[in-house]
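What follows is the residue order along each chain.
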Amino acid sequence: MRTRYAPSPSGTLHIGGARTALFSYLFAKHHGGKFVLRVEDTDRARLVEGSESALMRSLQLLGIQWDEGPDREGSLGPYRQSERLALHQHYAAQLLEKGLAYRCYCTPDELKALREARMAQKLPPRYMGTCRQRSADDPIHTSRQPYVVRLKVPLDGVTVVDDLIRGPVTFENGLLDDFVIMKADHTPTYNFAVVIDDWGMQITHVTRAEEHLSNTPKQILVYQALGLELPQFAHIPMVLAPDRSKLSKRHGATAVEEYLEQGILPEALVNYLLLLGWSAPDGREFMTVLEAIPLFTLDRVQHTAAVYDQKKLEWMNAQYLKDLPVEHVATAVRPFVEKLGINWGQGSTLEEGVALARERSHTLVDLAHAMRFLWQKPDAFDPKGVQKHFGAPEVSSRLQALADALKQAESTWTHDEIAETFDRVAETLEIKRAALIHPCRLALTGTTVGPGLFELVQVLGQQETVARLRQVATDLQQESLKVIQP
RNA sequence: GACCCCAUGGUCUAGAGGCCUAGGACAUCACCCUUUCAAGGUGGUAACCCGGGUUCGAAUCCCGGUGGGGUCACCA
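Residues numbered from 1 in each chain as written. Chains lettered and ligands numbered in written order. Predicted model: local features only at pLDDT ≥ 70, side-chain atom pairs only at ≥ 80, totals over all residues. Heavy atoms only, no water.

Caption draft 1: Spatial organisation of the nonpolar core. In this structure, Phe390 and Phe422 are the most contacted members of the largest nonpolar core, which totals 108 residues. It is helix H1 (residues 15-30) that contributes the most residues to this core, nine residues altogether. (Core = buried A, V, L, I, M, F, W, Y, C linked by side-chain atoms within 4.5 Å. Buried < 20%, exposed > 50% of the residue type's maximum accessible area, 1.4 Å probe, protein only. Helix = DSSP H or I, 4+ residues; strand = E, 2+ residues; numbered from the N terminus.)

Here is the structure:
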């Protein structure tokens, strides 16, 4: 049992591609098989520098590990299509020799004219050129004119794709044309190379996106011409954008990399992707890739294209953010914190910050912002908050009193002790505790939202808390407070 | 346009003829909790595309329509 994922290195790993790879991987692993990564790089014009390694990095981050691939040579390589050219040419020559394929000398212009003529007659744009009829001793064969190789497709009969997900799908051969298998530059086309390579790599189950279903009869015809045994096929439904169209740049983030940059954890992303088109028998939603292996079967794969939902992805990310070990999240959020120019080496630790703020963050970006105040004192204050909580003339003296009381507090600095201090000060000033809490939060963080105040104060530390309160109390008195949206 | 696939709330889905008064999750709305914001809890709104069959009985089977998607390259 062997499956494969065969991307072309022309860009980044798409979430649709990631899901196809995930399903192929899970399917193979469920059956104790091997998962192969093959890079389809025959089209040199579309090749993007660095794309291959980016693709591999994304897959690995998601926990989709291949058993064989360009960087893990097995016995059935090479695993880059461009390095298999000799194989493709060999089989093409074989088909030519047997008379199952032929050289076609028609120019692109001629083909275009033919196609348009057939379109005008409302006929399918099928190649009906003259080259199919040429005899072996036709002088054109020695003319050194460029040519392509076309497969001789049967004029009648049907080709049936026995799809593991959809059942038998019948195509009429008469509707297919003599498609090109080798281009004029002597490199193979996709529909030819894919057959040679899948066969060569002993792929038993070709699992791929649904967009390939219509290509499959052509490939079956190649298998048959070559006398090769057919693999099984399984076409996985596509992932669509919210407007039900094919995913593209204008839909915002579509690449795995982009989601990770947005602060989505790879664990959450792959879990979300798993739920797009597949569901566990018991309806469970949260699981790792490894946990999904024993549960994953093709009969539970949806037949319908799925529309991805950013909201649910973020919700799932938030769940992971608060359930994963603190150290793990701290490591993940670190680059995001550093990106904000925060020097977190002093004072509170990253772990303390994560524990404090993760429950109300949806992404690592949110989390980094929510932790910011621990290392950077507010240089501006939320205007609405200022209006609401700094308006009263006695706020300055209250904060001062609070600072004094906290300064006196025991060095143990526990949550309960801090809470009691607030209660005591409120009582002394004969105000409600909330009248102290809100201005204090604003003074300490610059905003009106955030973690529970006593936890926040505890993590921020006695010294820093007192210093910030005094600073704000002074600024308020001197009316030198900067009120700018932070 | 031709061919192919598909069709349960806004979204992801459960459902393989009676267990369905159609279940869950996200989103949404209300309320509760509360030092803010979240989180959490409770409850609510919301779906079997339409039309014909088959059957005692259909979300489930068949046919047609409609709608959505895919493929029709010397791209993969």
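Caption draft 2: Up close: the sheet that holds strand S3 (residues 101-104). Pairing is antiparallel across the open sheet formed by three strands, whose spatial order is S3-S4-S7. Strand pairing shows two members of the sheet lacking a second neighbour, S3 and strand S7 (180-182), which therefore form its edges. Ignoring strand direction, the axes of neighbouring strands in this sheet form an average angle of 45 degrees. Sheet analysis places S3 next to strand S4 (residues 148-151), joined by four bridges and oriented antiparallel. Bridging from a neighbouring strand, Cys104 pairs with Val148 of S4. (Pairing = 2+ DSSP bridges. Axes fitted to C-alpha atoms, helices over the stretch in contact; angles between N-to-C directions.)

Caption draft 3: Highlighting the protein's contact with RNA strand B. Around RNA strand B, 59 residues are found, and the nearest of them are Arg166, Lys183, Gly277, Arg360 and Gly450. A share of 70% is what sugar and phosphate atoms reach among the atoms of RNA strand B within 4 Å of the protein. Between RNA strand B and Thr42 there is a distance of 3.0 Å, counted from a phosphate oxygen to a side-chain nitrogen or oxygen. Lys312 places a polar side-chain atom, nitrogen or oxygen, 3.2 Å from a sugar or linking oxygen of RNA strand B. Looking at the surface near RNA strand B, the elements with two or more residues in it are strand S6 (167-172), strand S11 (306-307), helix H10 (310-323), helix H17 (434-445) and helix H18 (453-460). A breakdown of the residues in the surface near RNA strand B according to their chemical character gives 22 nonpolar, 18 polar and 19 charged. (Near = heavy atom within 4 Å. Polar contact = N/O pair within 3.5 Å; in protein donor to acceptor, adjacent residues only side chain to side chain. Nonpolar A, V, L, I, M, F, W, Y, C, P; charged D, E, K, R; others polar.)

Caption draft 4: Structural detail: unusual backbone geometry. With an omega dihedral of 0 degrees, the bond running from Gly77 to Pro78 counts as a cis peptide bond. Within the secondary structure layout, Pro78 lies in the loop between helix H2 (51-61) and helix H3 (85-97). A positive phi is found at Gln202, a non-glycine position, where the angle reads about 55 degrees. If you trace the backbone, Gln202 turns up in the loop between helix H5 (190-200) and strand S8 (205-209). Located in the positive-phi region is Trp413, a residue other than glycine, with phi close to 55 degrees. Following the sequence through the fold, Trp413 ends up in the loop between helix H15 (395-408) and helix H16 (415-429). Since its relative accessible area comes to 7%, Trp413 is described here as buried.

Caption draft 5: Representation of the layout of surface pockets. Here the largest pocket defines a volume of roughly 1200 Å³. Around the largest pocket, the lining is made up of 42 residues, and of these Tyr5, Pro7, Ser8, Glu211 and His212 lie nearest the centre. Broken down by secondary-structure element, the contributors of at least two residues to the lining of the largest pocket are strand S1 (2-5), H1, H5 and S8. In terms of residues, the lining of the largest pocket owes the most to one element, H1, which gives four residues. Computed from the structure, the second largest pocket encloses a volume of approximately 530 Å³. (1 Å grid on protein atoms, 1.4 Å probe; cavity = no way out; pocket = protein on both sides within 12 Å on 5 of 7 lines; lining within 4 Å. Points joined across faces, edges and corners; volume = space filled by probe spheres on them.)

Caption draft 6: Here's a closer look at the packing of H16 against H18. The interhelical angle for the contact between H16 and H18, taken along N-to-C directions, is 115 degrees, at an axis separation of 9 Å. Considering only the axes of H16 and H18, their crossing is right-handed. In this structure, H16 contributes His415, Ile418, Ala419 and Phe422 to the contact, and H18 contributes Leu453, Phe454, Glu455, Val457 and Gln458. Classifying every residue of the contact of H16 with H18 gives six nonpolar, two polar and one charged. (Left-handed = near helix turned anticlockwise from the far one by under 90°. Contact = heavy atoms within 4.5 Å.)

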